[in-house]
Amino acid sequence: MGEKIPLKIVFEDEHLVVIDKPAGLVVHPAAGHESGTLVNALLAHCGASLSGIGGVKRPGIVHRLDRDTSGLLVAAKTDAAHHGLAKLFADHGKTLSLTRAYLAFVWGAPARPSGTIDAPLARHASRRKIAVVPVERGRRALTHWRVIESFAGIASLICCRLETGRTHQIRVHLAHIGHPVLSDPVYATGFKSKTARLPSAAQACVASLPRQALHAAVLAFSHPVTGIEMRFESTLPPDLRRLRETLGSAASARPGQGI
């Protein structure tokens, strides 16, 4: 039926389940990750009936988070919910009710307090990466961002709201404007030397952080069956709270505030 992988469930009814995914958990089975995934955990939690929802390999999954991104994710438990959620996420909040917001710790401090990144994305020649490409070669990708805090100009905490849902979108877009996500092993490799500018406690924290400092903090949508407006918020997990503290923040962040 599935594997007993602990799930942090923040909401569940007969149609869907909202999960606060930890960093390090792969969402669905793939080459090299046939077991120990979120899908395996969902099958164990919901039972064999879930296996027919959305396909054999991705039952109930209508969107995903990178393995090393933490935060909120919704999965369908019925065909009706899967159809409705798939429609919501395909629309990306253009005409239907859907909000996805992320908290990202990035290198540097943007010159403006907020902005929008409109840059097409496509698979990089290396296949492991995604890249910004000319319009005719890529799929449109939009990310709205807002600075929450700046840490002496060395790093910043940014809230990003997605208007599209491309692979690695936030990570690629923030790197594209010169502010890659801290500890991103793919898109921030050229910024490793900047760690020396951080306070000693923050240097140690970044050195011990095994993943990109990115967290899916807000997920809001209309319930695909009942139509009820739903909103969920996830505070920073312990590793990113420690990062924020060592970067010298004095204020308290409220994920999703002002979105």
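See the structure printed just above.
**Q** Before we go on, may I ask you to explain the overall build of the chain in this structure?
**A** Scanning the chain from terminus to terminus reveals five helices and 11 strands. Here the chain holds 259 residues, and 51% of them are scored as buried. Sequence-distant contacts, at least 24 apart, represent 66% of the contacts inside the chain between residues at least 6 apart. Summing over all exposed atoms, the chain offers an accessible surface of approximately 12000 Å²; the carbon and sulfur share of this is 52%.

**Q** What is the right way to look at the side chain of Ser-70 in this model?
**A** Tracing the sequence through the fold places Ser-70 in strand E3 (residues 70-76). Among the polar contacts listed, one links the side chain of Ser-70 to the side chain of Arg-211, at a separation of 3.1 Å. When near neighbours in sequence (up to four residues on either side) are disregarded, Ser-70 contacts Lys-21, Pro-22, Ala-23, Leu-65, Arg-211, Leu-214, His-215, Ala-216 and Pro-237.

**Q** What exactly am I supposed to notice about empty space enclosed by the protein here?
**A** Over the atoms rolls a probe the size of a water molecule, and its path tells where empty space is left. Inspection of the entire model under this criterion finds one cavity of 30 Å³ or more. Empty space within the largest cavity amounts to approximately 40 Å³. In terms of lining, the largest cavity is formed by His-63, Leu-65, Leu-72, Arg-100, Tyr-102, Ala-216, Val-218 and Leu-219. When contributions to the lining of the largest cavity are tallied by element, the ones reaching two or more residues are strand E4 (98-107) and strand E10 (214-222). In terms of residue count, the dominant contributor to the lining of the largest cavity is E10 (three residues).

**Q** What is the right way to read helix H4 (residues 200-208) from this model?
**A** Side chains three or four residues apart in an α-helix point the same way, a direct result of the helix having 3.6 residues per turn. All buried positions along H4 are accounted for by Ala-202, Cys-205 and Val-206. Take H4 and look down its axis: the buried residues cluster within an arc of 95 degrees, on one side only. Exposed and facing more than 90 degrees away from the buried side of H4 are Ser-200, Ala-207 and Ser-208. On the buried face of H4, the contacting elements are helix H5 (238-246).

**Q** Just checking my understanding: could you explain the packing of aromatic side chains for this structure?
**A** Tallying each qualifying case throughout the model produces three aromatic pairs. A centroid spacing of 5.7 Å and a plane angle of 45 degrees characterise the contact between Phe-11 and Phe-232, whose relative ring orientation is tilted. On the criterion of sequence distance, the pair formed by Phe-11 in strand E1 (residues 9-12) and Phe-232 in strand E11 (residues 229-233) is long-range, its members being 221 residues apart. The exposure class assigned to Phe-11 is partly exposed, which follows from its relative accessible area of 24%.

Conventions adopted
- Residues numbered from 1 in each chain as written.
- Predicted model: local features only at pLDDT ≥ 70, side-chain atom pairs only at ≥ 80, totals over all residues.
- Heavy atoms only, no water.
- Helix = DSSP H or I, 4+ residues; strand = E, 2+ residues; numbered from the N terminus.
- Buried < 20%, exposed > 50% of the residue type's maximum accessible area, 1.4 Å probe, protein only.
- Contact = heavy atoms within 4.5 Å.
- Areas by Shrake-Rupley, 256 points an atom, 1.4 Å probe, with all protein chains shown as cover.
- Polar contact = N/O pair within 3.5 Å; in protein donor to acceptor, adjacent residues only side chain to side chain.
- 1 Å grid on protein atoms, 1.4 Å probe; cavity = no way out; pocket = protein on both sides within 12 Å on 5 of 7 lines; lining within 4 Å.
- Points joined across faces, edges and corners; volume = space filled by probe spheres on them.
- Arc of directions from axis to C-beta.
- Phe/Tyr/Trp six-rings, centres within 6.5 Å; stacked < 30°, edge-to-face > 60°.

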